[in-house]
Amino acid sequence: MQYPLGNMNAVDTDASRRTTGLLISATNLAEVVLAADRGVDIVDIKDPHRGALGAADPQLWRAAAEALPPHARLSAALGEATEAASAAQVPARFAFAKAGPAGSATVDRLTHHWHRIRDQLPPPVQQVAVAYADHEAADCAPPEAILAAAARRGLRWFLIDTFVKDGRSTLDHLDVARLENLARSARQADIRWVLAGSLRLDEAERWATLRPHFVGLRGDVCERSRTGTLVADRVERWKQYLARLE
């Protein structure tokens, strides 16, 4: 089964980008607007109190869709795929939606949930395959297996995150060699990949050579923690760093 790819102009643009783009997770409309005003490439909407990919209230999705200009790209976190129940409420204006693999012990179970979610999403919304670096703790398949399944099913976006938010980053669970292999496999399959999972700017040299298409952030651009308030100056520091990676 080939999934619809949505806005192909967005994919083409990302394929040609020379720098790593920025995905920022926002938790309310003020943060959504702040991130967009700062030129963030993808504004992701989630509720960090509900887990790694906690779903926000669909009312916030609708408000964000109305508030931002058409060129701003929005993404919705749906929670874990085993429970994601609000996919049908994602506005067609959104570019992306993603659900985590926790609790889907096998790839077959996960792809069953992917099919269910895809059937509920509006056709223009691109589905993102998510893998957890700490997959044992999440009771799900390892990133390599999820990436291979995404390639077989025609998904064009892949995000690596952490399930347990205990301060350890994706690079504390997956070494650079393993991430390099994942990055190579993603590019060979023409899949845009996003590196997320408790990344910190003061440790950016650990992953900078991987050149992900995007980095996904929450905690390091917030006051105190991922459940704190988004801080404009921290977003700007990340933008400036990524601009120097050309």
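Owing to the predicted nature of the structure, the values given are computational and were not obtained by experimental measurement.

Draft legend 1. Up close: the overall build of the chain. Looking only at helices and strands, one finds 9 helices and 8 strands in the chain. A globule of 246 residues ought to have a C-alpha radius of gyration of about 18 Å, and the chain, at 16 Å, matches this closely. Viewed in the frame of its principal axes, the chain has a C-alpha envelope of about 45 × 40 × 35 Å. A buried classification covers 54% of the 246 residues belonging to the chain. Contacts in the chain between residues far apart in sequence, at least 24 positions, make up 66% of those at least 6 positions apart. Of the roughly 10,300 Å² of accessible surface on the chain, 48% is carried by carbon and sulfur atoms. The positive charge centre, built from 31 side chains, and the negative charge centre, built from 31, are 3 Å apart in the chain.

Draft legend 2. Main features of the environment of Ile24. Relative to the helices and strands, Ile24 resides in strand 1 (residues 21-26). As a C-alpha pair, Ile24 and Val221 span 197 residues in sequence and 8.2 Å in three-dimensional space. Ignoring any residue separated from it by four or fewer positions in sequence, one finds Ile24 in contact with Ala35, Val40, Ile42, Val43, Asp44, Leu217, Val221, Leu230 and Val235.

Draft legend 3. Geometry of the packing of aromatic side chains. Summed over all chains, the structure comprises 6 aromatic pairs. Centre to centre, the rings of Trp207 and Trp238 are 6.1 Å apart; their planes meet at 10°, and the pair counts as stacked. On the criterion of sequence distance, the pair formed by Trp207 in the loop between strand 7 (192-195) and strand 8 (214-217) and Trp238 in helix 9 (residues 232-243) is long-range, its members being 31 residues apart. An aromatic cluster is present here, built from Phe96, Trp157 and Phe214 joined pairwise through their rings.

Draft legend 4. Geometry of the pairing of strand 1. The buried fraction of strand 1 amounts to 6 of the 6 residues, a majority that puts the element mostly inside the structure. Here strand 1 shows no split at all, with Gly21, Leu23 and Ser25 on one side and Leu22, Ile24 and Ala26 on the other all buried. Bridging between strand 1 and strand 2 (residues 42-45) involves 4 bridges; their strand directions are parallel. Directly across from Ala26, in strand 2, lies its bridge partner Ile45.

Draft legend 5. Looking closely at unusual backbone geometry. Unlike most non-glycine residues, Asp139 shows phi in positive territory, near 55°. Within the element layout of this structure, Asp139 appears in the loop between helix 5 (135-138) and helix 6 (143-152). Overall, Asp139 belongs to the partly exposed group, its relative accessible area being 44%.

Draft legend 6. Up close: the side chain of Thr170. Structurally, Thr170 is set in helix 7 (residues 170-173). With residues near it in sequence (within four places) discarded, Thr170 still touches Ala133, Ile160, Asp161, Thr162, Leu179, Leu195, Ala196 and Gly197.

Draft legend 7. The environment of Pro58, seen in detail. When you line up the elements, Pro58 lands in helix 3 (residues 58-67). For Pro58, a relative accessible area of 14% corresponds to the buried category. Ignoring any residue separated from it by four or fewer positions in sequence, one finds Pro58 in contact with Ser86 and Gln89.

Draft legend 8. Structural context of the pattern of salt bridges. The tally for this structure, following the rule as stated, stands at 13 salt bridges. Residue Glu31 pairs with Arg218 through a salt bridge whose shortest N-O separation is 2.8 Å. One end of the pair, Glu31, is in helix 2 (residues 29-37); the other, Arg218, is in the loop between strand 8 and helix 9, with 187 residues separating them in the sequence. An identical accessibility class is assigned to Glu31 and Arg218; each is buried. A salt bridge links Arg50 to Asp47, with the shortest nitrogen-to-oxygen separation between them at 3.3 Å. By relative accessible area, which is 18% here, Asp47 ends up buried. In the salt-bridge network here, residues are joined through shared partners; they are Asp172, Arg200, Asp202, Glu203 and Arg206.

Thresholds, definitions, all that
Throughout, residues of each chain are indexed from 1 in the direction in which the sequence is written. Under the rules for a predicted model, residues below a pLDDT of 70 receive no local features and side-chain atom pairs below 80 are neither given nor counted, while totals for whole chains, interfaces and linings still include all residues. Only hydrogens and water are removed before side-chain values are computed, so all heavy atoms of the structure are retained for them. Helix and strand definitions follow DSSP, with helices as H or I runs of at least four residues and strands as E runs of at least two, each counted in order from the N terminus. A radius of gyration in this sense is built from C-alpha atoms; the matching globule rule multiplies 2.2 Å by the number of residues raised to 0.38. Each residue is assigned to one of three classes by its accessible area relative to the maximum for its type, calculated with a 1.4 Å probe on protein chains only: buried under 20%, partly exposed between the two thresholds, exposed over 50%. Only heavy atoms enter the contact rule, under which two residues are in contact if any of them lie within 4.5 Å. All accessible areas in this document rest on Shrake-Rupley with a 1.4 Å probe, and a residue is counted as covered only by the protein chains that are shown. Under the convention used here, Asp and Glu are negative, Lys and Arg are positive, and both His and the chain ends fall outside the count. Lys charges are placed at NZ, Arg charges at CZ, Asp charges at CG and Glu charges at CD. By convention, a stacked pair of Phe, Tyr or Trp rings (six-membered ring in the case of Trp) has centres within 6.5 Å and planes under 30 degrees apart, an edge-to-face pair has planes over 60 apart, and any other such pair is tilted. Pairing between two strands requires that DSSP report at least two bridges joining them. Salt bridge, as used here: a side-chain nitrogen of Lys or Arg that lies within 4 Å of a carboxyl oxygen of Asp or Glu.

That is the geometry; function is a separate question.
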